[in-house]
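Summary of the model geometry
Chain by chain, the residues run as shown.
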Amino acid sequence: MKKIAYTTLAAIGAIALPAAAQAQSTEGADITIGASVGLHDLGIDLGDLDADDGEFDDFSIDDSAEIYGGFIAADFPLSESLFAGVEGNAHFGSGPIEAEYGVSARLGFKTEGGSKIYARGGYQWVDLDVENLTGVSEDFLDDNDIPVSDVGGDYLVGVGVEVPVSSVVLRANVDTIAFDTLRGTVGVGFKF
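Residues numbered from 1 in each chain as written. Predicted model: local features only at pLDDT ≥ 70, side-chain atom pairs only at ≥ 80, totals over all residues. Heavy atoms only, no water.

1. Topic: the overall build of the protein
Rule in force here: Numbering of helices and strands starts at the N terminus; helices are DSSP runs of H or I of at least 4 residues and strands are runs of E of at least 2. Residue contacts are counted whenever heavy atoms from the two residues lie within 4.5 Å of one another. For the area figures, the Shrake-Rupley method with a 1.4 Å probe applies, and any residue is considered shielded solely by the protein chains shown.
Counting its secondary structure elements, the protein contains three helices and eight strands. Listing each helix as α and each strand as β along the protein from the N terminus yields α-β-β-β-β-β-α-α-β-β-β. Across the protein, the fraction of contacts at a sequence separation of at least 24, relative to all contacts at a separation of at least 6, is 60%. For the protein, the exposed surface amounts to about 10600 Å²; the carbon and sulfur share of it is 60%.

2. A look at the packing of aromatic side chains
For clarity, the cut-off: Two aromatic rings, drawn from Phe, Tyr or Trp (for Trp, its six-membered ring), form a pair once their centres lie within 6.5 Å of each other, and the interplanar angle then sorts them: stacked below 30 degrees, edge-to-face above 60, tilted otherwise. Accessible area is worked out with a 1.4 Å probe on protein chains only. A residue is then buried under 20% of its type maximum, exposed over 50%, and partly exposed in between. In this scheme, the term charge over a ring applies when either NZ of a lysine or CZ of an arginine sits within 6 Å of the ring centre and within 35 degrees of the ring normal.
Applying the stated criterion to the full structure yields three aromatic pairs. Seen from their ring centres, Tyr-101 and Trp-125 are 6.0 Å apart, and the 20 degrees between their planes marks the pair as stacked. Linking Tyr-101 in strand E4 (residues 97-110) with Trp-125 in strand E5 (residues 116-128), this pair joins segments that are 24 residues apart in sequence. For Trp-125, a relative accessible area of 33% translates into the label partly exposed. Lying across the ring of Phe-83, Lys-116 places its NZ or CZ 5.0 Å from the centre.

3. A few points about a nonpolar patch on the surface
As a reminder, the rule being used: Here a patch means residues that are over 30% exposed by relative accessible area and free of salt bridges, tied together within 9 Å if like-charged and within 5 Å if nonpolar (Val, Leu, Ile, Met, Phe, Trp, Tyr). By definition here, a salt bridge exists when the distance from a side-chain nitrogen of Lys or Arg to a carboxyl oxygen of Asp or Glu is within 4 Å.
On the surface, Leu-78, Leu-82, Leu-107, Phe-109, Ile-117, Val-161, Val-163, Val-165, Leu-170 and Val-188 cluster together to form a nonpolar patch covering roughly 760 Å² of accessible area. The element that contributes the greatest number of residues to the nonpolar patch is strand E6 (residues 151-165), accounting for three residues. Locating Val-163 in the fold gives a position in strand E6.

4. Details of the pairing of strand E1 (residues 30-41)
Our working rule: Should DSSP find at least two bridges between two strands, the strands are taken to pair.
As defined by bridge partners, E1 adjoins strand E2 (residues 64-77) across 12 bridges and the pair is classed as antiparallel. What sits directly across from Asp-30, in E2, is Asp-75. In this structure, E1 lies alongside strand E8 (residues 182-191), joined through 10 bridges in antiparallel fashion. Looking across to E8, one finds that Asp-41 is bridged to Leu-182.

5. Let's talk about the pairing of E5
In this structure, E4 lies alongside E5, joined through 13 bridges in antiparallel fashion. If you follow Ser-104 over to E5, its bridge partner there is Gly-122. The turn joining E4 and E5, which pair antiparallel and follow one another in sequence, is formed by five residues; a positive phi near 100 degrees is taken by Gly-114.

6. Brief notes about unusual backbone geometry
Even without a glycine there, the phi angle at Ser-166 is positive, about 60 degrees. With respect to the helices and strands, the residue Ser-166 is situated in the loop between E6 and strand E7 (168-177). For Ser-166, a relative accessible area of 80% gives the class exposed. For Phe-179, which is not a glycine, the phi torsion comes out positive at approximately 60 degrees.

7. Details of the environment of Ser-36
Stated precisely, the cut-off is as follows: Whenever two N or O atoms come within 3.5 Å, that pair is a polar contact, provided that in protein one can donate a hydrogen and the other can accept it, and provided that, for residues adjacent in sequence, both atoms are side-chain atoms.
Position of Ser-36 relative to the elements: it lies in strand E1. Considered as a pair, Ser-36 and Asn-173 are 137 residues apart in the sequence and their alpha carbons are 9.9 Å apart. Among all residues touching Ser-36, those that are not within four sequence positions of it are Ile-67, Tyr-68, Gly-69, Gly-70, Phe-71, His-91, Val-186 and Gly-187. Side chain to side chain, Ser-36 and His-91 meet in a polar contact 2.7 Å long.

Nothing here speaks to function; it is all geometry.
In structure tokens:
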């Protein structure tokens, strides 16, 4: 599954380089490339397990992961203050998340000072580290032919803000994947 993450990063890079090169000639396009960090809570609820019989008393899951990666966004003005755009992201994770990557559309408005406030929606894939998440060895699962899907995806919705500071853009986003998880990221980007 790490191959998928590396391939996604390479694809984002392949898109980013020509986009950055074309940014000077694309009138009206606002292209930002940057790095981001965050926390992704997978929202796993053990309350659904039958805890009355005591079988799961000692079973716990740490379902929060730090994520580190990058993004590329391209916004196009619809009016003086309204814009629409697209964004791609890819992150590596710690703990229960090996990697995550996705694409989304953005719609928002730009203030007189250049700040952007937007909503976004798209699709996000998450590559889980099953062994870290459950404590069960992936070798054990493979040796016993226990099929476990460790990559899943669903729709992403969220909100964000970008604030220009000197020659960089500071940003913050709060997202959810299918209203099951909560994901917050902050980042810094450079405009082209």
